[in-house]
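# Topology and contacts: notes
Now for the letters of each chain:
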Amino acid sequence: MTALTLLIPGGTGQLGRELNRQAQQAGADVRAPGRAELDVTSAGQVVSAVRELAEHARRRGGRPVVINAAAYTAVDAAESAERKAFAVNADGPRLLAAACASAQVPLIHVSTDYVFSGESDRPYEPDDPLGPRSAYGRTKAAGEVAVLASGADAWVVRTAWVYGVGGSNFVHTIARLEREKETLRVVDDQHGSPTSAEALAGGLLQLAERIADGQGPEQRTLHCACQGSTTWFGFARAIFEELDADPERVQPCSTQDFPRPAPRPARAVLSPRSWLAAELDPMPAWREALAAYVRKHRDELRAAE
Ligand SMILES: NC(=O)c1ccc[n+]([C@@H]2O[C@H](COP(=O)([O-])OP(=O)(O)OC[C@H]3O[C@@H](n4cnc5c(N)ncnc54)[C@H](OP(=O)(O)O)[C@@H]3O)[C@@H](O)[C@H]2O)c1
């Protein structure tokens, strides 16, 4: 079988790096430009990058797919910069999808659990109504709608609480706080599924393979997060345990104790049903994925800024 030929906008982010690493390892032909090389808000850059991908794949007999890992992910900052976030999270995917439709290249677009209100007491299915509570969530929801309405051969994959190398993420923050503070308080009333960029990238690449073979799932919106759920407090304690630190040093508190600019969904757990129905490999349990991440990156975590 010929190799995948991938374009990964946002290639320098947590997910983009991991997609690039795993795809190269699997023998794919990958271009993973960062924002400086491919700004998804620039129609001209987007059109020529997708066109080049299609031509390159045709010359090489490869199977082209775009996986969009570019996003404005600063959830709190987005509250006062919604237009900027909208440009990256909604206009960018719209431009990418239009370019993919015109070049007949399939697109996988990554989205978030924050498109939901978090008021449901059961895990969210892909077709549940959207109800974003934050500017970030609204812009990501608009991106999903634009991609699915574009006429492109496109899939939206929602994920949650992502951590990986190169990001300012919760695992690295907690590892730093473990060194700096005797005790810390972490919110215990927001529930979600911590997801390693490594596990997510593996899932997305499996999906890309299927799509490139013309075997893409019928369902156009899928949920892909590590299995099980916890709170930020539970996540922080687990990180302490993996770092061989005393988890009792982490104490629970409520969201009200730490007001932030952006409201978060209280319970935005993503159901794995759509992923499994598409016969994609089950994602690992969040606790196992965390243990694997800490084992692999212990030195970086010890030095985390
Ligand atoms: N992180 C999470 O907890 C989380 C949770 C749920 C869903 N997601 C979704 O997962 C996907 C990947 O997120 P991530 O965690 O990998 O985020 P990330 O580490 O912040 O990476 C996003 C990348 O997008 C780039 N970018 C920003 N503006 C751009 C533009 N105009 N053109 C091209 N690239 C641009 C960023 O570059 P700069 O650094 O130069 O700005 C960054 O490299 C996103 O769709 C995100 O919404 C993330």
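Just above, that's the structure.
What this report covers is the structure whose coordinates are included nearby. This is a predicted model, so every value here is computed, not measured. (Residues numbered from 1 in each chain as written. Predicted model: local features only at pLDDT ≥ 70, side-chain atom pairs only at ≥ 80, totals over all residues. Heavy atoms only, no water.)

It is worth spelling out the side chain of Thr112 at this point. With respect to the element layout, Thr112 can be found in strand β4 (residues 107-112). According to the relative accessible area criterion, Thr112 is buried, its value standing at 5%. Separated by 3.0 Å, the side chains of Thr112 and Asp113 make a polar contact. A polar atom in the side chain of Thr112 sits 2.9 Å from the backbone nitrogen of Tyr114. Setting aside its immediate chain neighbours within four residues, Thr112 contacts Tyr136, Lys140, Glu144, Arg158 and Thr159. (Helix = DSSP H or I, 4+ residues; strand = E, 2+ residues; numbered from the N terminus. Buried < 20%, exposed > 50% of the residue type's maximum accessible area, 1.4 Å probe, protein only. Polar contact = N/O pair within 3.5 Å; in protein donor to acceptor, adjacent residues only side chain to side chain. Contact = heavy atoms within 4.5 Å.)

With that out of the way, let us pick up the packing of helix α1 (residues 14-25) against helix α6 (residues 197-212). Contact pair α1 / α6: the axes reach a minimum separation of 9 Å and the direction vectors enclose 60°. In this view, α1 runs oblique relative to α6, as classed from their interaxial angle. Judged by the twist between their axes, the crossing of α1 over α6 is right-handed. Within the contact between the two elements, α1 uses Gln14, Leu15, Glu18, Leu19, Arg21, Gln22 and Ala23 and α6 uses Ala197, Glu198, Leu200, Ala201, Gly202, Leu204 and Leu205. Looking at the contact of α1 with α6 residue by residue, the class counts come to eight nonpolar, three polar and three charged. (Axes fitted to C-alpha atoms, helices over the stretch in contact; angles between N-to-C directions. Parallel < 35°, antiparallel > 145°, perpendicular 65-115°, else oblique. Left-handed = near helix turned anticlockwise from the far one by under 90°. Nonpolar A, V, L, I, M, F, W, Y, C, P; charged D, E, K, R; others polar.)

Within the secondary structure layout, Arg122 lies in the loop between β4 and α4 (135-148). Arg122 sits in the partly exposed class, given a relative accessible area of 41%. Only 2.9 Å separates the side chain of Arg122 from the side chain of Asp128, close enough to count as a polar contact.

Per the stated rule, a full pass over the model turns up 24 salt bridges. Of the charged contacts in the structure, one is a salt bridge between Glu37 and Arg31, with a shortest N-O distance of 3.6 Å. In this structure Glu37 comes out as exposed when scored by relative accessible area, which is 52%. A residue is classified by how much of its surface remains accessible, and Arg31, at 29% relative accessible area, is partly exposed. (Salt bridge = Lys/Arg side-chain N within 4 Å of Asp/Glu carboxyl O.)

We now examine the sheet that holds strand β3 (residues 63-68). Read from one edge of the open sheet, six strands run β2-β1-β3-β4-β5-β10, paired in parallel fashion. Since the sheet does not close on itself, it has two edges, and those belong to β2 (29-31) and β10 (221-223), each with one partner. Adjacent strand axes in the sheet meet at a mean angle of 20°, parallel and antiparallel pairs treated alike. Where α6 meets the sheet, its contacts fall on β1 (4-7), β3, β4, β5 (154-159) and β10, and the angle it forms with β3 comes to roughly 145°. (Pairing = 2+ DSSP bridges.)

The buried fraction of β3 amounts to six of the six residues, a majority that puts the element mostly inside the structure. Going residue by residue along β3, you find Arg63, Val65 and Ile67 tucked away on one face and Pro64, Val66 and Asn68 tucked away on the opposite face as well. In terms of strand pairing, β1 meets β3 through four bridges, oriented parallel. Within β3, the residue paired with Leu7 across the bridge is Val66. By the bridge criterion, three bridges tie β3 to β4 in an arrangement that is parallel. What sits directly across from Ile67, in β4, is Ile108.

As a structural note, the neighbourhood of the ligand is formed by 23 residues, with Gln14, Arg35, Thr73, Tyr136 and Lys140 the closest of them. Interatomic distance of 3.3 Å between a side-chain N/O atom of Thr12 and an oxygen atom of the ligand. Contact between the ligand and Ala71: an oxygen atom at 3.1 Å from a main-chain N or O atom of the residue. Relative to its free-state accessible area of 890 Å², the ligand is covered by the protein chains to the extent of 82%. (Near = heavy atom within 4 Å. Areas by Shrake-Rupley, 256 points an atom, 1.4 Å probe, with all protein chains shown as cover.)

Turning next to the packing of helix α2 (residues 43-60) against helix α3 (residues 82-103). Remark: α2 packs on α3, axes separated minimally by 9 Å, with the N-to-C direction vectors making an angle of 35°. The two elements α2 and α3 cross, and the hand of that crossing is right-handed. Residue-level contacts link Ala43, Val46, Val47, Val50 and Ala54 of α2 to Leu95, Leu96, Ala99, Cys100 and Ala103 of α3. When its residues are assigned to classes, the contact of α2 with α3 shows ten nonpolar, no polar and no charged.

By size, the foremost hydrophobic cluster in this structure holds 95 residues, and its most contacted members are Leu6, Leu19, Val50, Val66, Ile108, Phe235 and Leu290. By residue number, the principal contributor to this core is α6, which donates eight residues. Those residues in contact with Ile108 that sit more than four places away from it in its chain are Val65, Val66, Ile67, Asn68, Trp155, Val157, Leu204, Leu207, Ala208 and Ile211. (Core = buried A, V, L, I, M, F, W, Y, C linked by side-chain atoms within 4.5 Å.)

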